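# Remarks on the overall topology
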Amino acid sequence: GQGVGGSINLVVKSDAALDATRLRVGSVLDEDGRPRALAHAAHGVVAGPWSTYLGGTVQPSRELRSKRSEIRGADGTLSEMRRGVEVRDGQNHAADARGAYRFENGGSVSAAVRYLRTARDTDVRERVTELSDEPPAQSVLDEREDEYQRTRTVELRATLPQAAGRSCSAVADATSVDARRDAALSQRDEIEDMRIEDERLELADRERRLDGRCNFQHEDGRSLMGLSYGQQRRSTQDRRTEFAEGVPADVSPFGGAYRLNERRTDAFVQHRWLAVEGLEFDAGLRLETTRRGSGDTDLRWLPNLHLRADIGAHSRMQLSIARTIRRPGFDQLTPFRQRDGDVFRVGNPRLRDETALGIDAGLKHAWTVQGIELDGNLFFRKIDYLIQDVAAGPDTRGPDNRGRGRAWGLEGSARYALDSWGMPAAGLSTQVALIDSSVRDPQTGEMRRFQGQSPYTIGLMIEQASAPQRLGWGLAASVQDDAEVALDDAIERVEYRIDLDAHLSAQLGPGTELRMSGRNLLDARTTETRLGFDAPRGVGSLETVEREREALGPSLVLSISHRIH
């Protein structure tokens, strides 16, 4: 039932039955030239009705960002300059174990255990020059964050076939997430070294889900019905201390502790039938009940209707109308004030779910001889209780339900096989999304676009699949238009630069591949311009113009993988 901003693309994946041993080792090389080792190993066995899988991965991550910012007055006078570097160093460890048994009658049972551990250090150092002072004053801001997160998941799954054309399945899983973040911000100048802020944030998320569904095949279609129950809880503690001239002051709200609890019970029924040859209908109804904390239970009826029609041998038209919902995440609901660069973010426990009525119309056509395939989708959404980023205090922002909105646009993709160009197993593809929206600005009363929404995004990819004794390669580029956020007393505009990734692979022998991939080869850059006003927007005059430029460095991954049968 979730999905508001546009069409929903679903990729359904089942656990792969690996009957071999797979090894991969390599190195990650970033802008600083320091290599970091990565490794992956997996072993799978399929023996009659039994299948087992065991895998593990060690993956380093590192990002180097350079930052430059300037603050000018309304007359263009430069008042402050900042130059800095942000370094993020991380390490991910993952393990996955699965086992399954398939009965002769088509039923199956399986169990899976997953573990993920992530640790990351972030260091930001900025040199600040205050030109408004005489003589200009210089200082250095040091910010350090140590983050740790551990995720554990257990899943049990069973499929029980009934009579011909009928089957029922059930899934039960439990996920626990424990995370911690320690942050410290200090400033030093020629005279003294001052602590500005210390913080420790700890959270524990627990999620349980039980889902059951039955599928009934008919002569002209099928029916599906199901029931699910889920519970998600968060316990979080935030101990943040700000220092004023070296004197600490505890500013953690709610005694530094907060709890969230959400319970959901959902039921659905869906029926698909073939009206005539080439014309298919799909209709259903979903009932969702949500209760957060000790509040009232929120009940939603979500109907949907879909039409699929074949137009000739190589064309298909799709039309659908559905009511959908988008729930706020727990980070948006937790009312803790968290630093985000030069500003703070705070959650809103009074947030309501977004609801939307959407219409989609799509057309897909293929020219098989020429190897061309086109796919287009028009969509429209009428949204209630729209969640927007708003000012929640001086230098503080957070989400809130602000009015109603509408969103519409066109999503299209094109794929072209390059066999006729002498490039077998090669293809060129592009994706384009044109999006527009409107919502009434509560500050000025005028209509504007949704917060942070780019009018267009474009992606282009060309790839040559590797054949035996041949090289494989690929290039992928993406670009998006500027996005804008309107706050009570400021307007922020973000400009994006083109992003380019590439990879090159070579088959060294049966089951052995050498691969090199590059990410962010053009040093993706963003420029954020903030127009600050001396009073609420629409009333006040322009006071400051702050422009910040940020660049992320490239990274290369060189690896060799081998598969042992």
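Here's what I pulled together on the structure shown here. (Residues numbered from 1 in each chain as written. Predicted model: local features only at pLDDT ≥ 70, side-chain atom pairs only at ≥ 80, totals over all residues. Heavy atoms only, no water.)

## Considerations on the overall build of the protein chain
Broken down by element type, the protein chain carries 1 helix and 32 strands. A compact globule built from 565 residues should have a C-alpha radius of gyration of about 24 Å, and the protein chain, at 27 Å, falls within 12% of that. Principal axes of the C-alpha set define a box for the protein chain whose edges measure 85 × 60 × 50 Å. Considering only intrachain contacts with a sequence separation of at least 6, the fraction spanning at least 24 residues in the protein chain is 60%. (Helix = DSSP H or I, 4+ residues; strand = E, 2+ residues; numbered from the N terminus. Rg over C-alpha atoms; globule rule 2.2 N^0.38 Å. Contact = heavy atoms within 4.5 Å.)

## Some words on the nonpolar core
In terms of nonpolar packing, the biggest core is built from 8 residues, these being Leu201, Tyr258, Leu260, Phe330, Leu333, Phe336, Leu351 and Ile387. When contributions to this core are tallied by element, the ones reaching two or more residues are strand E11 (257–276) and helix H1 (330–333). Aside from chain neighbours lying at most four places away, what touches Leu333 is Tyr258, Leu260, Arg292, Pro328, Gly347, Asn348, Pro349 and Leu351. By size, the runner-up hydrophobic cluster in this structure holds 6 residues, among which are Ala356, Ile383, Val439 and Phe450. (Core = buried A, V, L, I, M, F, W, Y, C linked by side-chain atoms within 4.5 Å. Buried < 20%, exposed > 50% of the residue type's maximum accessible area, 1.4 Å probe, protein only.)

## A short note on the sheet that holds strand E15 (residues 337–340)
Pairing between the strands of a sheet comes from backbone hydrogen bonds, and it takes one of two forms, parallel or antiparallel. With mixed pairing, 4 strands are arranged side by side in an open sheet as E15-E16-E20-E19. The sheet terminates laterally at E15 and strand E19 (387–393), the two strands that pair on one side only. Across the sheet, the axes of successive neighbouring strands diverge by a mean angle of 35°, strand direction being ignored. Where E15 lies against strand E16 (residues 343–346), 4 bridges are found, and the strand directions are antiparallel. Across the sheet, the residue bridging to Arg337 is Val346, located in E16. (Pairing = 2+ DSSP bridges. Axes fitted to C-alpha atoms, helices over the stretch in contact; angles between N-to-C directions.)

## Considering the pairing of strand E5 (residues 108–130)
As judged from the 23 bridges shared by strand E4 (residues 78–102) and E5, these two strands associate in the antiparallel manner. Considered in E5, the bridge of Ala94 is made with Leu116. Hairpin remark: E4 followed by E5, antiparallel, with 5 residues in the connecting loop; positive phi at Gly106, about 100°. Bridge analysis of E5 against strand E6 (residues 137–161) gives 23 bridges, and the strand direction is antiparallel. Bridging from a neighbouring strand, Tyr115 pairs with Arg152 of E6. With antiparallel pairing between neighbouring strands as the criterion, E5 and E6 make up a hairpin whose turn holds 6 residues.

## A few points about the state of the cysteines
Linking two cysteines covalently via their sulfur atoms produces the bond known as a disulfide. In total, this model carries 1 disulfide according to the counting rule given. There is a disulfide in this structure between Cys168 and Cys214, and the S-S distance comes to 2.1 Å. Looking along the S-S bond of the Cys168-Cys214 disulfide, the torsion reads about 105°, which is the right-handed sense. You can see Cys168 sitting in strand E7 (residues 166–188) and its partner Cys214 sitting in strand E8 (residues 193–218), a full 46 residues away along the chain. (Disulfide = S-S within 2.5 Å.)

## Let's talk about a positive patch on the surface
Taken together, Arg68, Arg497, Arg525, Arg547 and Arg549 make up a surface patch of like positive charges. Summarising the element assignment, Arg525 is placed in strand E30 (residues 525–533). Judged by relative accessible area, which is 37%, Arg525 ranks as partly exposed. (Patch = residues over 30% accessible without salt bridge, like charges linked within 9 Å, V, L, I, M, F, W, Y side chains within 5 Å. Areas by Shrake-Rupley, 256 points an atom, 1.4 Å probe, with all protein chains shown as cover. Salt bridge = Lys/Arg side-chain N within 4 Å of Asp/Glu carboxyl O. Lys, Arg positive; Asp, Glu negative; His and termini not counted. Charge placed at Lys NZ, Arg CZ, Asp CG, Glu CD.)

## What to know about a nonpolar patch on the surface
A grouping of Val25, Leu471, Leu504, Leu508, Leu514, Met516, Leu558 and Ile560 is seen on the molecular surface, where their side chains present a nonpolar patch of about 670 Å² in accessible area. Of all the elements in the fold, those that place two or more residues in the nonpolar patch are strand E28 (499–509), strand E29 (512–519) and strand E32 (555–564).

## Things to note about the pairing of strand E24 (residues 456–464)
Of the pairings in the sheet, the one linking strand E22 (residues 426–440) to E24 comprises 9 bridges and is antiparallel in character. When the sheet's bridge partners are listed, Gln431 is paired in E24 with Gly459. By the bridge criterion, 8 bridges tie E24 to strand E25 (residues 471–480) in an arrangement that is antiparallel. Of the residues in E25, the one forming a bridge with Gln464 is Trp473.

## Describing the environment of Gly165
As for its position among the elements, Gly165 is in the loop between E6 and E7. Judged by relative accessible area, which is 34%, Gly165 ranks as partly exposed. If we skip the residues at most four places from it in the chain, Gly165 touches Asn215, Phe216 and Gln217.

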